[in-house]
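# A look at the structure
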Amino acid sequence: MLYCKSFCQKLNLHRLRSISSLVQTKAFIDGNWVKAQNNEEFEVFNPANGAVIGSVPNMDPKDANQAVHAAKKAFELSEWSKMTAKERSSLLKKWYYLIEKNADELASIMSAESGKPINEARGEVTYGNAFVEWFAEEARRICGEVVPSPTKDREIIVLKQPLGVAALITPWNFPMAMITRKAGAALAAGCTIIIKPAEDTPLTALALVKLAEQAGFPNGVINIITTNKAAPIGELFCKSPDVKGISFTGSTEVGKWLFRNSSDGIKRLSLELGGNAPFIVFNSANLEIAVNAALSCKFRNCGQTCISANRFFLQEEIHDKFINLLKQRVETLKIGEGSEPGVQIGPLINTMQFNKVNAFVEDARLKNANIISGGKPLTNLGNLFYSPTIITDVPVNAKLYTEEVFGPVVSIVKFKTEEEVINAANNSNRGLAGYFFSENIQQVFRVAKLLEVGMVGVNEALISAAEAPFGGVKESGIGREGCHHGIDEYVEIKYVCMGNLKY
Ligand code: SIN
C-alpha cells in the first residue's frame, strides 16, 4: 500500500512536469533561479488525492533579505523606475501575451495544486491576466497635477513617484490573480517587487515568474521566494527599512499582525482581508437571478473566496421558495478532482480548512440549526471533500453566522423588514462585499448606500473585474486593488512648489 502511494505520487509529479515545462523547483532572485541557502525544500500536494506534485525551496529570512537587496538595487540602479511609462507598459504587455499563450498550462498547474476545477482555473488565468493587461494600459496614465496656486508667482506641481520595493504576500485561493492584481499595479507604478506566494500554491506563482523572465523584465525587478515558514519572512518585510510597502491578501488575523509589526516604520500597507458577506434576497427579487447568483457566489472555488456570501438573509415571503429552488440545483453539483471534465466542486485546500468547515457545521447543528442538504464530509472522494451544504434557521451565535466559513456552506436566516436586515447585515466587524436582490428601484439605491461594505453586488454576484476597485471597510482591509485606484497603493505623492516665478 505504502509502495503504491509513493509510486502514484511520483507519477503525479512526473505527469505535471510532462504537462508543463513551466513547473519550477527553484525560486527567483535577482534574475537567477536559486535554491534556499539552507538547501531545504518543502513538498506541494494535490488536495484532491494527496499526491506530491512538486518540491520548492523552503526559504528563510536570509533568502528574503537577499531578495530585498536585489529589488532595492534594481529600483535604484536599473532603469526600471526611470524607464519611460511606455517601456514599462510594453514589458507588461509582453508578459500578458506570454500568459495568454500558456494559459492552459497555467490552469493545469493551478488546478493540480489548488484543487480548483479546471474550468475555474482557466477562468482565473483570464481574470488574473486582465490585471496585467489593465495595468499595462494604466502605466501610461499615472499622471500628476498642476493645481491653481493661491499666489501669482507660484505653481503647485503634484508628482506621482514609485514607492520603491514592494513585498507582495498572496493567498492560495487565487494562486494567480492575487499576484497579478498586486504585481501589475506595482510594476506599472515603477516599483520593484518580491512575491511571497502561499505555501499551498507556489507552483502557479513560479510559473508566472518564469513567463515574466521570458518577457524580459530586468534582473531584480521581479523576485519570488517560497517558504512554509511565513512568519519570520513577514517580520523581515515589516521591519526592513528597504521594503517601502507591503500588500497582503489573506486573513484578518495575519493582516492585523502585519499592521502591528510594520507600525514602527510607518510602512505603506495595502490589506485585503476576510469578509462576512451578507446575501439578501428581498420579496421583490427575481428568484431565478438570485438562485443563479447564490450558486456562483457560494460555490465558486468551493466557497473559498473572501467575497463569498457567508450569511444568506431571505425575506419571509420568498424564503421557502428560494430554498427549494436552491436545493434542487445544489444537489446536482458535480463534485470531484478538479482535472475531471464537468467537475464543479473540488476539495478544500488543506486539513486545517476542512476541519474548520466541519467544526462550523457541527457547531450550527448543536445550536439547533436545520441541515436541509449535505452537512457531511465526502470521505468516499478523498480526505478533503465536503458536501455542498444548506442550513436554515442559523442562530446569530453560531460560528457560521459570526465568522467566515470559507467553504461550500449556505447559512440561511429569515427576516421580515428592510430595516431589520440592514441592521443584521451591518452587525459585523467585517465589511468586504455584500449582495442583495431586489426589483424595487427605490430600495436598490437605499440599500446600496446603507450596506457597510467596500463592494456591493445588486442583482449580481460575480462582481470582480480588473476595471473595478476591490477592497473593504472595517476590519476587511485598507486600500483598493484593480481599477486606476490600484496604482495609488504603489506611488508617493510629492508636492513641488515652484516659487518666485516672474510672469
Ligand atoms: C479573494 O477571495 O480574495 C478574491 C476574490 C476575487 O478576486 O474575486
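Criteria and cut-off values
Residues numbered from 1 in each chain as written. Predicted model: local features only at pLDDT ≥ 70, side-chain atom pairs only at ≥ 80, totals over all residues. Heavy atoms only, no water. 1 Å grid on protein atoms, 1.4 Å probe; cavity = no way out; pocket = protein on both sides within 12 Å on 5 of 7 lines; lining within 4 Å. Points joined across faces, edges and corners; volume = space filled by probe spheres on them. Helix = DSSP H or I, 4+ residues; strand = E, 2+ residues; numbered from the N terminus. Nonpolar A, V, L, I, M, F, W, Y, C, P; charged D, E, K, R; others polar. Axes fitted to C-alpha atoms, helices over the stretch in contact; angles between N-to-C directions. Parallel < 35°, antiparallel > 145°, perpendicular 65-115°, else oblique. Left-handed = near helix turned anticlockwise from the far one by under 90°. Contact = heavy atoms within 4.5 Å. Buried < 20%, exposed > 50% of the residue type's maximum accessible area, 1.4 Å probe, protein only. Pairing = 2+ DSSP bridges. Right-handed = clockwise from strand over helix to strand, strands pointing away. Expected span 1.5 Å × (residues − 1). pLDDT = per-residue confidence, 0-100. Domains from an automatic or database assignment.

## Here's the deal with the layout of surface pockets
Over the atoms rolls a probe the size of a water molecule, and its path tells where empty space is left. Empty space within the largest pocket amounts to approximately 1,200 Å³. Looking at the largest pocket, it is lined by 36 residues, and the ones nearest its centre are Trp172, Gly250, Ser251, Val254 and Met352. Contributing elements (two or more residues each) for the lining of the largest pocket: helix H8 (230–239), strand E10 (243–249), helix H9 (252–261) and helix H12 (351–366). Its residues assigned to classes, the lining of the largest pocket comprises 16 nonpolar, twelve polar and eight charged.

## A word on the packing of helix H3 (residues 85–101) against helix H7 (residues 202–215)
Packed helix pairs are specified by the crossing angle of their axes together with the interaxial distance, meaning the distance between the axes. Viewed as axis vectors pointing N to C, H3 and H7 meet at an angle of 130°, and their least axial separation amounts to 9 Å. Overall, the two elements H3 and H7 adopt an arrangement that is oblique. H3 and H7 meet at a crossing whose hand is right-handed. Listed contacts from H7 to Leu91, Lys94, Trp95, Leu98 and Ile99 of H3 are Leu208, Leu211, Ala212, Gln214 and Ala215.

## Points about the pairing of strand E18 (residues 433–437)
In terms of residue burial, E18 counts as a mostly covered element, since five of its five residues are buried. With three bridges connecting them, strand E12 (residues 277–281) and E18 associate as parallel partners. Paired with Phe279 across the strands is Tyr435, a residue of E18. The handedness of the E18 to strand E19 (residues 455–458) crossover, carried by helix H15 (residues 441–450), is right-handed.

## Re H7
End to end, H7 covers 20 Å across 14 residues, agreeing with the expected 20 Å (1.5 Å per residue, within 8%). Across the 14 residues of H7, twelve count as buried, placing the element largely inside the fold. Immediately beyond the C-terminal end of H7, within one or two residues, lies Gly216, with a positive phi of roughly 100°.

## A word on the sheet that holds strand E5 (residues 145–147)
Pairing is antiparallel across the open sheet formed by three strands, whose spatial order is E5-E6-E22. Strands with a single pairing partner mark the edges of an open sheet, and in this sheet they are E5 and strand E22 (491–498). The average angle at which neighbouring strand axes cross in this sheet is 25°, direction not considered. Taken together, the eight bridges between strand E6 (residues 155–162) and E22 define a ladder with antiparallel strand orientation. Paired with Ile156 across the bridge in E22 is Cys497.

## With respect to the sheet that holds strand E13 (residues 309–315)
Strand order in the open sheet made by the seven strands is E14-E15-E16-E13-E12-E18-E19, with mixed pairing throughout. For this open sheet the edge positions go to strand E14 (370–373) and E19, each flanked by a neighbour on one side alone. Averaged over all pairs of adjacent strands, the angle between their axes in this sheet comes to 25°, without regard to strand direction. Relative to E19, E18 runs parallel, the two sharing four bridges.

## Side note on the confidence of the model for the chain
Mean pLDDT for the chain: 96, with 97% of residues reaching 70 or above. Here residues 1–8 is modelled with pLDDT under 50, and outside its nearest four sequence neighbours on either side it reaches zero contacts, counting other chains as well.

## As for empty space enclosed by the protein
Tallying each qualifying case throughout the model produces four cavities of 30 Å³ or more. One number sums up the size of the largest cavity: a volume of about 90 Å³. As for the largest cavity, its lining consists of Tyr127, Asn173, Phe174, Met178, Arg181, Thr249, Arg300, Thr305, Cys306, Ile307, Ser464 and Phe470. For the lining of the largest cavity, the per-class residue count stands at six nonpolar, four polar and two charged. Residues from two domains meet in the lining of the largest cavity; each of domain 1 (2–273 + 480–492) and domain 2 (277–465) gives at least three. A volume near 50 Å³ is recorded for the second largest cavity. What lines the second largest cavity is a set of 14 residues, among which Pro278, Ala425, Arg430, Glu452 and Val453 lie closest to the centre. Residue assignment for the lining of the second largest cavity shows that the elements contributing at least two residues are E12, helix H14 (418–426) and strand E17 (430–431). Of the residues assigned to the lining of the second largest cavity, the class counts are seven nonpolar, four polar and three charged.

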